[in-house]
Every structure is written in structure tokens, then in C-alpha cells.
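A closer look at the structure
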Amino acid sequence: QVQLVESGGGLVQAGDSLRLSCAASGRTFSHYDMGWFRQAPGKEREFAAAIDWSGGSTYYADAVKGRFTISRDNAKGAVYLQMNSLKTEDTAVYYCAARLRWTAALSTTTWYDYWGQGTQVTVSS
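Model, not experiment: these values are computed from the prediction.

Reading the values: rules and limits
Residues numbered from 1 in each chain as written. Predicted model: local features only at pLDDT ≥ 70, side-chain atom pairs only at ≥ 80, totals over all residues. Heavy atoms only, no water. Helix = DSSP H or I, 4+ residues; strand = E, 2+ residues; numbered from the N terminus. Rg over C-alpha atoms; globule rule 2.2 N^0.38 Å. Buried < 20%, exposed > 50% of the residue type's maximum accessible area, 1.4 Å probe, protein only. Contact = heavy atoms within 4.5 Å. Areas by Shrake-Rupley, 256 points an atom, 1.4 Å probe, with all protein chains shown as cover. Lys, Arg positive; Asp, Glu negative; His and termini not counted. Charge placed at Lys NZ, Arg CZ, Asp CG, Glu CD. Phe/Tyr/Trp six-rings, centres within 6.5 Å; stacked < 30°, edge-to-face > 60°. Lys NZ or Arg CZ within 6 Å of the ring centre and 35° of its normal. Salt bridge = Lys/Arg side-chain N within 4 Å of Asp/Glu carboxyl O. Pairing = 2+ DSSP bridges. Axes fitted to C-alpha atoms, helices over the stretch in contact; angles between N-to-C directions. Core = buried A, V, L, I, M, F, W, Y, C linked by side-chain atoms within 4.5 Å.

1. Quick word on the overall build of the protein chain
Along the backbone of the protein chain there are zero helices and 11 strands. Scaling as 2.2 N^0.38, a compact globule of 125 residues should have a C-alpha radius of gyration of about 14 Å, and the protein chain matches this with 13 Å. In terms of its C-alpha atoms, the protein chain occupies a principal-axis envelope of roughly 40 × 25 × 25 Å. Classification of the 125 residues of the protein chain by burial places 43% in the buried group. Here the analysis covers contacts within the protein chain between residues at least 6 apart in sequence; of these, 58% occur between residues at least 24 apart. Counting only carbon and sulfur atoms, one obtains 47% of the accessible surface of the protein chain, whose full area is about 6,200 Å². Of the charged side chains in the protein chain, 12 are positive and 11 negative, and the gap between their average positions amounts to 3 Å.

In C-alpha cells:
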């Protein structure tokens, strides 16, 4: 089992930046690819970004590419999502997720086995 706890959400204005963190515990963190997903009110959960177990490869949804950066610190057991130039449409609950490394290519945004409880990000105009 992997336990994931997100933090760093909040209320910001359009154009601001925010950094989300996800702390992992329970298993060897470096054995897992990590992803960030989000769910806006009334919408299905959607993929935002992913990073492979080593931190050497990343993948982004078109909606966040160029504005969001995913990173990880295997020594600390943490994954981060730096969000810049936030837009009102970025408002959502953000979740981090984990799956065993080599399960699939990063561009395959399914098969995540472990999920955090989510952190709310609200972007006002």
C-alpha cells in the first residue's frame, strides 16, 4: 500500500502561481510513477501531469503544458506540481496518484492504483 497526502491548495487570483505537494509513505517511493489529476465541479476527473519513477521523464495534458511543471524528490518521498499563470478554468480538486513503474508509458493516463484525498485549488478572476 502507498499512502498519499496532498497539500498546498488554496484560493488565488488568475495569473498567480501555486505549488502543490504530495507526500508518499508506505512503500519505496522510487518504485512508482506519479501523476497529478484534477476534477472540476460537475466534470469528470482529468489527467494533468505525470512523472516517471526516476524523474527523468514527464508528460503533460495540453491544457496545462507550458504552465505547470511536475517534479519529484525521491529522497523525501514527495512529488510536486508547480502551477504558473493560473486560469479560472484550473479551478478543481487536485489529486496525486501512484502506479508501479514500468506499468505503462507516461502518456497512458490510466492504471493508477493509489490516490490521495485531494486538495482544492480555486482561481478567481
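2. Notes on the packing of aromatic side chains
Scanning the model with the defined rule gives seven aromatic pairs in all. Grouping aromatic residues by their ring pairs yields a cluster made of Phe-37, Phe-47, Tyr-59, Tyr-112 and Trp-115. Against the face of Tyr-80 rests Arg-19, its NZ or CZ located 4.0 Å from the ring centre. The ring of Trp-53 carries Arg-101 above its face, with NZ or CZ at 4.9 Å from the centroid.

3. Examining the pattern of salt bridges
In total, this model carries four salt bridges according to the counting rule given. Arg-38 is the partner of Asp-90 in a salt bridge, and the nearest nitrogen-oxygen pair spans 2.8 Å. Separated by 52 residues along the polypeptide, Asp-90 in the loop between β8 (78-83) and β9 (92-100) and Arg-38 in strand β4 (residues 32-39) bring together distant segments of the chain. You'll find Asp-90 and Arg-38 in the same group, each marked buried.

4. Some words on the sheet that holds strand β3 (residues 18-25)
Strand order across the open sheet formed by four strands is β1-β3-β8-β7, with antiparallel pairing between neighbours. Only two strands of the sheet have a single neighbouring strand rather than two, namely β1 (3-7) and β7 (68-73). Direction aside, neighbouring strands of the sheet carry axes that sit 15° apart on average. With six bridges connecting them, β3 and β8 associate as antiparallel partners. By the bridge assignment for β8, Cys-22 is matched with Val-79.

5. What to know about the nonpolar core
Ranked by size, the top nonpolar core spans 36 residues in total, and within it Met-34, Trp-36, Val-79, Leu-81, Met-83 and Tyr-94 carry the most contacts. Elements with a contribution of two residues or more to this core: β3, β4, β5 (46-51), β7, β8, β9 and β11 (119-124). Not counting residues within four places of it along the chain, the set of residues in contact with Met-34 comprises Leu-4, Cys-22, Phe-29, Ala-49, Ala-50, Ile-51, Ile-70, Arg-72, Val-79, Ala-97, Ala-98 and Tyr-112.

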